[in-house]
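# Reading the structure
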Amino acid sequence: MQSVNRIEPELGAGAFQTYEIRAPRDVRLRSACEQTGCPAWRQGWESVIDESTPLGQGQAAYIRTRSGRTFREQKNGAGLTVFRFESGQRCFAEHRTRPDIYLVRDGDWRGNPTGRQRQHTRPEDWVEDMAGSLDAVRTGRERG
């Protein structure tokens, strides 16, 4: 394994903050369509059901009475029932995603001298935190 070449910083590790995003390997959470970027949620979808079979009859009955989704219903040329679902509603798939962990800790690659670390629950907060930190660095640099 090749070693990493790094320039030794002029300041100590305590003068830095590290922003990191981690994803646990073995954890998968049930997620909403919107969170996963589901194409059916974005664009809508069609379900074509053959009501001449017991399975099709059960699927159609579920869609009509218990699915809680908005749809239009029509028959196609082959006599199958086509349910057209509008975008912006949960599809019938079960989506799973790996949760991201948004960390900010004191220090850099040399370590965390204070041991202080915090975890943001929303990616927007993590981005805002990092933007504020970078702005402080930029302002300090401009002032000299």
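A short tour of the structure in this document, coming up.

Here is what the cut-offs are and how they apply
Residues numbered from 1 in each chain as written. Predicted model: local features only at pLDDT ≥ 70, side-chain atom pairs only at ≥ 80, totals over all residues. Heavy atoms only, no water. Salt bridge = Lys/Arg side-chain N within 4 Å of Asp/Glu carboxyl O. Helix = DSSP H or I, 4+ residues; strand = E, 2+ residues; numbered from the N terminus. Buried < 20%, exposed > 50% of the residue type's maximum accessible area, 1.4 Å probe, protein only. 1 Å grid on protein atoms, 1.4 Å probe; cavity = no way out; pocket = protein on both sides within 12 Å on 5 of 7 lines; lining within 4 Å. Points joined across faces, edges and corners; volume = space filled by probe spheres on them. Nonpolar A, V, L, I, M, F, W, Y, C, P; charged D, E, K, R; others polar. Pairing = 2+ DSSP bridges. Axes fitted to C-alpha atoms, helices over the stretch in contact; angles between N-to-C directions. Contact = heavy atoms within 4.5 Å. Polar contact = N/O pair within 3.5 Å; in protein donor to acceptor, adjacent residues only side chain to side chain.

Attention now moves to the pattern of salt bridges. Scanning the model with the defined rule gives 13 salt bridges in all. For Arg 105, the salt bridge goes to Glu 20, with nearest N and O atoms at 3.7 Å. In this pair, Arg 105 is assigned in strand β7 (residues 101-106) and Glu 20 in strand β1 (residues 17-22), connecting sequence segments 85 residues apart. For Glu 20, a relative accessible area of 23% translates into the label partly exposed. In this structure, the salt-bridge partner of Glu 51 is Arg 64, at a minimum N-O distance of 2.9 Å. Here Glu 51 is found in the loop between β3 (45-49) and α3 (54-65), whereas its partner Arg 64 is found in helix α3, with 13 residues between them in sequence. What makes Glu 51 partly exposed here is its relative accessible area of 22%.

What follows concerns the layout of surface pockets. Of the pockets and cavities examined, the largest pocket occupies roughly 220 Å³. Considering the residues around the largest pocket, the lining is formed by Leu 29, Arg 30, Ser 31, Gln 35, Thr 97, Arg 98, Pro 99, Asp 100, Tyr 102, Thr 121 and Pro 123. With three residues, the top contributor of residues to the lining of the largest pocket is strand β2 (residues 29-31). When grouped by side-chain class, the residues that make up the lining of the largest pocket number four nonpolar, four polar and three charged. Residue lining of the second largest pocket: Ala 15, Phe 16, Gln 17, Tyr 19, Met 130, Ser 133, Leu 134 and Val 137, and that is the complete set. Of all the secondary-structure elements, those providing two or more residues to the lining of the second largest pocket are β1 and α4 (123-143). Looking at the lining of the second largest pocket, the element that brings in the most residues is α4, giving four residues.

A word on the sheet that holds strand β5 (residues 81-85). In space, the three strands of this open sheet follow the order β3-β5-β4, with antiparallel pairing throughout. The open sheet has two free edges, formed respectively by β3 and β4 (71-75), since each of these has just one partner strand. Across the sheet, the axes of successive neighbouring strands diverge by a mean angle of 20°, strand direction being ignored. One ladder, built from five bridges, connects β3 with β5; its direction is antiparallel. Residue pairing across strands places Ile 49 opposite Thr 81, the latter belonging to β5. The strands touched by α3 within the sheet are β3, β4 and β5, with β5 carrying the most contacts at an inclination of about 35°.

This next bit is on the environment of Gln 35. Assignment of secondary structure puts Gln 35 in helix α1 (residues 33-36). With 88 residues separating them in the primary sequence, Gln 35 and Pro 123 have C-alpha atoms 12 Å apart. Here the side chain of Gln 35 touches Ala 32 through a polar contact of 3.0 Å, landing on its backbone nitrogen.

What follows concerns the sheet that holds β7. Taken in spatial order, the three strands make up an open sheet running β1-β7-β8, and their pairing is antiparallel. Each end of this open sheet is capped by a strand with a single partner; those strands are β1 and β8 (117-120). On average, each strand axis in the sheet is inclined to that of its neighbour by 20°, with strand direction left out of account. Here four bridges tie β7 to β8, and the two strands are oriented antiparallel to one another. Bridged to Tyr 102 within β8 is His 120. Where α4 meets the sheet, it contacts β1, β7 and β8, and its direction lies at approximately 155° from that of β1.

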